[in-house]
Amino acid sequence: MLRGSRLCKIRSRTWQKERLYRLQEDGLSVWFQRRIPRAPSQHIFFVQHIEAVREGHQSEGLRRFGGAFEPSRCLTIAFKGRRKNLDLAAPTAEEAQRWVRGLAKLRARLDAMSQRDTHTWIHFYLHRADSNQDSKMSFKEIKNLLRMVNVDMNDMYAYSLFKECDRSNNEWLEGPEIEEFLQRLLKRPELEEIFHRYSGEDRVLSTPELLEFLEDQGEDGATLAHAQQLIHTYELNETAKQHELMTLDGFMMYLLSPEGGCPEPAHTCVFQDMNQPLAHYFISSSHNTYLTDSQIGGPSSTEAYVRAFAQGCRCVELDCWEGPGGEPVIYHGHTLTSKILFRDVIQAVRDHAFTLSPYPVILSLENHCGLEQQAAMARHLHTILGDMLVTQLLDSQNPEELPSPEQLKGRVLVKGKRLPAARNEDGRILSDREEDNEDEDEERGGGGPRAEAAGERAWLGQHGPGRGLMPLWSLGAGGRGKEGGRDQGSGVAQGLSQSCPNSPSGNSFIRHNACQLTRVYPLGLRMNSANYNPQEMWNSGCQLVALNFQTPGYEMDLNAGRFLINGQCGYVLKPACLRQRDTTFDPECPGPPRTTFTIQVLTAQQLPKLNAEKPNSIVDPLVRIEIHGVPADCACKETNCVPNNGFNPRWGQTLQFQLRAPELVLVRFVVEDYDATSPNDFVGQFTLPLSSLKQGYRHIHLLSKDGASLSPATLFVHICIQRS
């Protein structure tokens, strides 16, 4: 991979070009050839941005256009975010396997990256800054290195640091002198200060001293045995380890390990009760899943479903229309979006729905097909999905309530309208969209939410005058939920959550959602596939809060944060106040503050530049803490900015929040450039439920706006959560 391989890039039947691909010496990025030279950043992709590497014809592109190449020679690199797949064919099967295995090893190494691997990152930039590649660094080259790593250091201070390391006094740094300079550059005084506070004069932590630190951190189950185990895991000095002592290096290794991160380690696995009815969970849901871009003229692709499943999505949408040759198609009707076969989407569901999560997938059908193509849909569902498809009540299911995620592991549910009940005044059966419009008019006129019974036969179809009904399949285990479209500031679901005249307590919509499924989706008038704030709908207990996964923004950050816990399985148990049928909870009146959330923002490390193409571009970072929850809890506070330092900025500022409904709160950490012109031009962010934050000194690995890791960029904070 370091030598490079000439691989055929496949875009279409006619566009198939041979290009050189070569792993960079940093082991973190791959350079590739382009016909027309572009900016340097346009000639590389980063290993950390790879979502998956698939062998053979396992992408839509290779299935359609890769027939001339043997599957054993083909591979697909799928990226996080909106970047298109890279479909490649190698000269031989062995060459393809080298790239598949090599990228897998590099991704595994990145996942396990720790503090000691920071040197790999800095040495990559050191190599780039050494302009004549003589393994010696002049002061000019050192200044160039500092700009590359996002720090604008005062010339006098930088030169004094340079001269302190120039032991040979020849105006060059080489060998051990370069290492000393890097060691000083990577110094973490804030971590040293914490270490010395507990270690005393001997500058090592004994087991009891480490236990004292763990207890002050609020670590559950902190014991001497646990402290000893940490020393044996993270201490680098063998002599210290034998005497059960922890040095500063071992302490830093621990604080910067996954155990020192802000998410509760137990919450990264499935830890919640998965045996409750489906209505008791928030369920990760996608709107217009087939789209990869705008809902007016963007392309449709089965890859969009694969990406949604890779992000933990458990409810996907299929807009089904009549297609040529008796085959139904999926696209955004009456627009210029491209069309894909219904059959191909169901195959993608079969092949990818349970790669990340074993829990059930819900297919939300918007059906516009006539009888013949409905029959084709039913045939494809049965023949492709087979036993995955739920067609009748489960043997162990209580017919009075929805089944649980545990009962439905590995199964596919189909959700659609019960059209026999949907007739207008002249008796004509309505299509899905017509029924949506009539429901919306009725609900805007003041009607409360209508709870429909679960455990009945579902019938789907779109029919004109004189047409009969045709059952597509029986969905005895499926729920009869209520769908509501909403737009920011208005809309059915928002109206229901804020005005419920049928209940004296003003929370009939929340009680409805305690036992029935509700799906909410963006209003179709959003031309650019924009999203709405999902938190408002979660506050009311809505389970299927569908978003445009192809559109990055704070809305998708909140969605990713909500479902980051519980093993990223796509199901998160709702708070108890949203699961009780007789609940009195009202998000508009949640009561007095119950929790004080205090966060001290200490430092950040190795923040990326917003404009990598400008050598002199330096970040002026500030940190913004956003609280998303019930309206009374929503707040935003920020630190001062640190000018000209994206490498190791320090703040030491404390921000505090009073919370009334902490069980619903999401905390969003945002690092911004003070000079950014748009809120979406942030440096990095991370979002997590308050209930999954660990207290004490914690590091936070930042993510890009597409959800990709920005490692080694981190934020270091102290978290304190006091419950009254």
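Residues numbered from 1 in each chain as written. Predicted model: local features only at pLDDT ≥ 70, side-chain atom pairs only at ≥ 80, totals over all residues. Heavy atoms only, no water.

As annotated in an unreviewed UniProt entry, the protein chain carries the name Phosphoinositide phospholipase C and comes from Phocoena sinus. In its Catalytic activity (unreviewed entry) section, the UniProt entry covering the protein chain states "a 1,2-diacyl-sn-glycero-3-phospho-(1D-myo-inositol-4,5-bisphosphate) + H2O = 1D-myo-inositol 1,4,5-trisphosphate + a 1,2-diacyl-sn-glycerol + H(+)". (UniProt positions renumbered as here; feature names shortened; annotations may be inferred.)

Participant: Describe helix α7 (residues 189-199), naming the residues involved and giving the relevant values.
Facilitator: Every buried residue of α7 is accounted for by E190, L191, E192, I194, F195, Y198 and S199. Just downstream of α7, G200 is the residue with a positive phi angle, here 75°. (Buried < 20%, exposed > 50% of the residue type's maximum accessible area, 1.4 Å probe, protein only. Helix = DSSP H or I, 4+ residues; strand = E, 2+ residues; numbered from the N terminus.)

Participant: Which residues make up the pairing of strand β30 (residues 709-723), and what values do they have?
Facilitator: Examined bridge by bridge, strand β23 (residues 595-605) and β30 share 10 bridges and lie antiparallel to one another. Paired with V601 across the two strands is V717, which belongs to β30. Alignment of strand β29 (residues 696-703) against β30, held across 7 bridges, turns out to be antiparallel. What sits directly across from I700, in β30, is L715. Adjacent in sequence and paired antiparallel, β29 and β30 are bridged by 5 residues, among which G707 carries a positive phi angle near 85°. (Pairing = 2+ DSSP bridges.)

Participant: Residues and numbers for the sheet that holds strand β4 (residues 44-46), please.
Facilitator: Strand order in the open sheet formed by 7 strands is β4-β3-β2-β1-β7-β6-β5, and the pairing between neighbours is antiparallel. Of all the strands in the sheet, just β4 and β5 (50-55) have a single pairing partner and so form its edges. Along the sheet, successive strands turn relative to each other by an average axial angle of 30°, direction set aside. Summarising the sheet, strand β1 (residues 5-10) and strand β7 (residues 86-89) pair through 2 bridges and their orientation is antiparallel. Its bridge partner lying in β7, C8 is registered against A89. (Axes fitted to C-alpha atoms, helices over the stretch in contact; angles between N-to-C directions.)

Participant: Quick one: what's the story with the packing of aromatic side chains, residue by residue and with numbers?
Facilitator: Tallied over the full model, the rule gives 17 aromatic pairs. Plain terms: the ring middles of F139 and Y159 are 5.2 Å apart, the flat faces sit at 85° to each other, and that makes the pair edge-to-face. Placement of the pair is F139 in helix α4 (residues 139-148) and Y159 in helix α5 (residues 155-165), with a sequence separation of 20 residues. Counting every residue linked through ring pairs, the aromatic cluster contains Y21, F32, F45 and F79. Its end group placed over the ring of F79, R83 keeps NZ or CZ at 4.6 Å from the ring centre. Its end group placed over the ring of F716, R188 keeps NZ or CZ at 5.9 Å from the ring centre. (Phe/Tyr/Trp six-rings, centres within 6.5 Å; stacked < 30°, edge-to-face > 60°. Lys NZ or Arg CZ within 6 Å of the ring centre and 35° of its normal.)

Participant: I'd like a rundown of the nonpolar core, residues and numbers included.
Facilitator: Counting 82 residues, the largest nonpolar core has L318, L363, F597, L693 and L715 as the members making the most contacts within it. At 6 residues, the largest contribution of residues to this core is made by β30. Once you skip the residues sitting within four places of it in the chain, F597 turns out to touch I625, I627, L655, Q656, F657, L659, V667, L690, L693, I719, C720 and I721. In this structure, F213, A222, L255 and L256 belong to the second largest nonpolar core, which totals 24 residues. (Core = buried A, V, L, I, M, F, W, Y, C linked by side-chain atoms within 4.5 Å. Contact = heavy atoms within 4.5 Å.)

Participant: Now, about unusual backbone geometry: what can you tell me, with residues and values included?
Facilitator: The backbone of N169 shows a phi angle near 55°, a positive value even though the residue is not glycine. Tracing the backbone shows N169 in the loop between α5 and β9 (173-174). Since its relative accessible area comes to 58%, N169 is described here as exposed. Positive phi is not limited to glycine here, since E171 has a value of about 65°. With respect to the helices and strands, the residue E171 is situated in the loop between α5 and β9. On the basis of relative accessible area, E171 is assigned to the partly exposed category, the value being 36%.

Participant: Explain the packing of helix α12 (residues 303-310) against helix α13 (residues 342-352) to me, and be specific about the residues and the numbers.
Facilitator: At a closest axis distance of 9 Å, the pairing of α12 and α13 adopts a crossing angle of 30°. One element, α12, and the other, α13, form an angle in the roughly parallel class. Every pair of crossing elements has a handedness; the one defined by α12 and α13 is right-handed. For the pair formed by α12 and α13, the contact residues are Y305, V306 and F309 on the first element and V345, A348, V349 and H352 on the second. Across the contact of α12 with α13, the residue classes tally to 6 nonpolar, 1 polar and no charged. (Parallel < 35°, antiparallel > 145°, perpendicular 65-115°, else oblique. Left-handed = near helix turned anticlockwise from the far one by under 90°. Nonpolar A, V, L, I, M, F, W, Y, C, P; charged D, E, K, R; others polar.)

Participant: If you had to explain the side chain of E192 to someone new, which residues and values would you point to?
Facilitator: Structurally, E192 is set in helix α7. Judged by its relative accessible area of 17%, E192 is buried. Beyond its immediate stretch of four places on either side in the chain, E192 contacts K187 and L248.

Participant: I'd like to hear about the side chain of T596, residue by residue, with values.
Facilitator: Residue placement: T596 occurs in strand β23. A polar atom in the side chain of T596 sits 3.0 Å from the side chain of Q658. Excluding residues that lie within four positions of it along the chain, T596 makes contacts with Q656, F657, Q658, C720, I721 and Q722. (Polar contact = N/O pair within 3.5 Å; in protein donor to acceptor, adjacent residues only side chain to side chain.)

Participant: Hey, could you go over the packing of α7 against helix α8 (residues 207-217) for me, with residue numbers and the actual values?
Facilitator: Close contact between α7 and α8 brings their axes to 9 Å; oriented N to C, the two are set at 120°. With respect to α8, the axis of α7 lies oblique. α8 is crossed by α7, and the crossing has right-handed handedness. Contacts between α7 and α8 pair I194, Y198 and S199 from the former with E209, E212, F213 and D216 from the latter.

Participant: Give a description of α8 that names residues and reports values.
Facilitator: Every buried residue of α8 is listed here: T207, L210, L211, F213, L214 and Q217. Looking down the long axis of α8, one finds its buried residues gathered within 160° of arc, a one-sided arrangement. Exposed positions of α8 whose direction lies more than 90 degrees from the buried face are P208 and D216. Contacts made by the buried residues of α8 are with α7, β10 (205-206), α9 (224-234), β11 (245-246), α11 (248-255) and β29. Immediately beyond the C-terminal end of α8, within one or two residues, lies G218, with a positive phi of roughly 85°. (Arc of directions from axis to C-beta.)

Participant: Just give me the short version of the pairing of strand β27 (residues 666-673), but keep the residues and values in it.
Facilitator: Across the 8 residues that make up β27, a large majority, 8, are buried. Burial along β27 is two-sided: the residues L666, R668, V670 and E672 and V667, F669, V671 and D673 are all buried. Judged from the 8 bridges that link them, strand β24 (residues 621-628) and β27 form a sheet pairing that is antiparallel. Of the residues in β27, the one forming a bridge with E626 is R668. Where β27 meets strand β28 (residues 684-689), 6 bridges bridge the pair, whose relative direction is antiparallel.

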